[in-house]
Amino acid sequence: MTNQLTASERLMLIRDKNRPTVNDYIPLMFNRFMEFCGDRCYGDDKAILGGIATFPRLGNMPVTIIAQVKGRNIDENKRTNFAMPHPEGYRKALRLAKQAEKFSRPVICLVDTPGAFCGIEAEERGQGEAIARNLMAFMTLKTPVISIVLGEGGSGGALALAVCDELMMLENALYSVISPRGFASILWKDPTRESEAAELMKITAEDLLEFGVAERVIAEADGGAQNDARFTASNISDALEDALRKHCKTDTAKLLEARYEKFRKIGMFDFMEEESL
């Protein structure tokens, strides 16, 4: 059944405080999760949760999980910086991805962020460099990478965990080069036009599937994932099982070539003739 919600309606739905977070999904989808903390450079960033677990659908296959964490209340959101990672969060993610490569574990990235934190302290510690290094390193990571957009996939903060072999999106998730509020602020100097911007930006799961950015849309429970987290988690596990069966059997050289080609062909373009003077 086609999702009839508009982009702005989905934006409100995925910001619902009762929507499941990675802290709900991980126990429903994986066994024996063990968290690893810190970037071995500055500190630990609670906006990104990382560690290893086993995936029961494939005989308890070991996997590395890297996930962006949203809170359900003000205390949780303060602890996780409202799911806006600092540079040390992206460096932690890269450390865990390199560890996964060393031990031939597939990497599962769970994306849910309005964007990377843009405060002065983040810029002082190299926010742009940290994201850029992730983009470069994930492109050549010699192990399968599967990314799933659970809610908001905003800007480079999301893309840093979405350079992958297969990108999936929950049906109400949004994925964009900039947040709708940021778009409205830049284009119209009016952040209150966020809903209007969301409709113009073509950022729904169906849009991204059509553009070749996403490979799969995962069905949520009726009315949104918050109405049945277990049902939605089961659908995510089904999609993960299919993706891991496919990509874990692929030769590394072919895996990297396919990943490169995936990003070379992304997008749709229109060409306009110059108007005669």
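Structure first, text after, so check above.
Here goes a summary of the coordinates provided. (Residues numbered from 1 in each chain as written. Predicted model: local features only at pLDDT ≥ 70, side-chain atom pairs only at ≥ 80, totals over all residues. Heavy atoms only, no water.)

## Quick look at helix α8 (residues 180-187)
Phase 1: Of the positions making up α8, those classed as buried are P180, G182 and A184.
Phase 2: Contacts from the buried residues of α8 go to α1 (7-14) and α9 (194-200).
Phase 3: Downstream of α8 by a residue or two, K189 has a phi angle that is positive, lying close to 55°. (Buried < 20%, exposed > 50% of the residue type's maximum accessible area, 1.4 Å probe, protein only. Helix = DSSP H or I, 4+ residues; strand = E, 2+ residues; numbered from the N terminus. Contact = heavy atoms within 4.5 Å.)

## Points about the pattern of salt bridges
Phase 1: Counted by the stated rule, this structure contains 21 salt bridges.
Phase 2: A salt bridge links R19 to E220; its shortest N-O distance comes to 2.8 Å. Linking R19 in the loop between α1 and α2 (22-29) with E220 in the loop between β8 (216-218) and α11 (229-247), this pair joins segments that are 201 residues apart in sequence. For the residue pair R19 and E220, the accessibility class agrees, reading buried in each case.
Phase 3: A salt bridge links E215 to K262; its shortest N-O distance comes to 2.8 Å. Note that E215 is positioned in the loop between α10 (205-210) and β8 and K262 in helix α12 (residues 252-264), a separation of 47 residues in sequence. (Salt bridge = Lys/Arg side-chain N within 4 Å of Asp/Glu carboxyl O.)

## So, the environment of R32
Phase 1: Position of R32 among the secondary structure elements: in strand β1 (residues 31-35).
Phase 2: Given a relative accessible area of 71%, R32 falls into the exposed group.
Phase 3: Through-space distance from the C-alpha of R32 to that of E152 is 27 Å; in sequence the pair is 120 residues apart.
Phase 4: With residues near it in sequence (within four places) discarded, R32 still touches I52, A53 and T54.

## Quick word on the pairing of strand β4 (residues 107-113)
Phase 1: Along β4, seven of the seven residues are buried, which leaves the element largely enclosed by surrounding structure.
Phase 2: Here β4 shows a buried face lined by V107, C109, V111 and T113 and a second buried face lined by I108, L110 and D112.
Phase 3: Pairing of strand β3 (residues 61-68) with β4 involves four bridges; the strand directions are parallel. Residue pairing across strands places A67 opposite L110, the latter belonging to β4.
Phase 4: Two elements, β4 and strand β5 (residues 145-154), share six bridges in a ladder whose sense is parallel. Residue pairing in the sheet places I108 in a bridge with I146 of β5. (Pairing = 2+ DSSP bridges.)

## Considering empty space enclosed by the protein
Phase 1: In the structure shown here, the tally under the stated rule is one cavity of 30 Å³ or more.
Phase 2: Within this model, the largest cavity holds a volume of roughly 70 Å³.
Phase 3: Of all the elements in the fold, those that place two or more residues in the lining of the largest cavity are β5 and β7 (174-176).
Phase 4: Here the lining of the largest cavity is composed, by residue class, of six nonpolar, five polar and one charged. (1 Å grid on protein atoms, 1.4 Å probe; cavity = no way out; pocket = protein on both sides within 12 Å on 5 of 7 lines; lining within 4 Å. Points joined across faces, edges and corners; volume = space filled by probe spheres on them. Nonpolar A, V, L, I, M, F, W, Y, C, P; charged D, E, K, R; others polar.)

## Focus: helix α4 (residues 87-102)
Phase 1: Taking 1.5 Å per residue, 16 residues should reach 22 Å; α4 reaches 23 Å between its end C-alpha atoms and fits that length.
Phase 2: Of the positions making up α4, those classed as buried are P87, E88, G89, Y90, K92, A93, L94, L96, A97, A100 and E101.
Phase 3: Turning to α4, the residues buried within the fold contact β2 (48-55), β3, β4, α5 (120-124), α6 (127-139) and α7 (155-159).
Phase 4: Following α4 by one or two positions, S104 adopts a phi angle in the positive range, close to 55°. (Expected span 1.5 Å × (residues − 1).)

## Section: unusual backbone geometry
Phase 1: Phi is positive for N60, close to 60°, though the residue is something other than glycine.
Phase 2: By secondary structure assignment, the location of N60 is in the loop between β2 and β3.
Phase 3: Its relative accessible area of 40% is what places N60 among the partly exposed residues.
Phase 4: Of note, the phi angle at F82 is positive, near 55°, even though the residue is not glycine.
Phase 5: Looking at the secondary structure, you find F82 in the loop between α3 (74-79) and α4.
Phase 6: Overall, the relative accessible area of 39% leaves F82 in the partly exposed class.

## Considerations on the packing of aromatic side chains
Phase 1: Following the criterion strictly, the structure yields two aromatic pairs and no others.
Phase 2: The interplanar angle of 50° and the centroid separation of 5.7 Å between the aromatic rings of F30 and F55 together place this pair among those described as tilted. Of the two residues, F30 sits in the loop between α2 and β1 while F55 sits in strand β2, which places them 25 residues apart along the sequence.
Phase 3: An angle of 75° between the planes, with centres 5.8 Å apart, marks the rings of F183 and W188 as edge-to-face.
Phase 4: A relative accessible area of 22% places F183 in the partly exposed class.
Phase 5: Since its relative accessible area comes to 23%, W188 is described here as partly exposed.
Phase 6: Positioned above the aromatic ring of W188 is the side chain of R193, whose terminal nitrogen or guanidinium carbon lies 4.0 Å from the ring centre.
Phase 7: In this structure, K262 packs its charged tip against the face of F263, placed 5.3 Å from the ring centre. (Phe/Tyr/Trp six-rings, centres within 6.5 Å; stacked < 30°, edge-to-face > 60°. Lys NZ or Arg CZ within 6 Å of the ring centre and 35° of its normal.)

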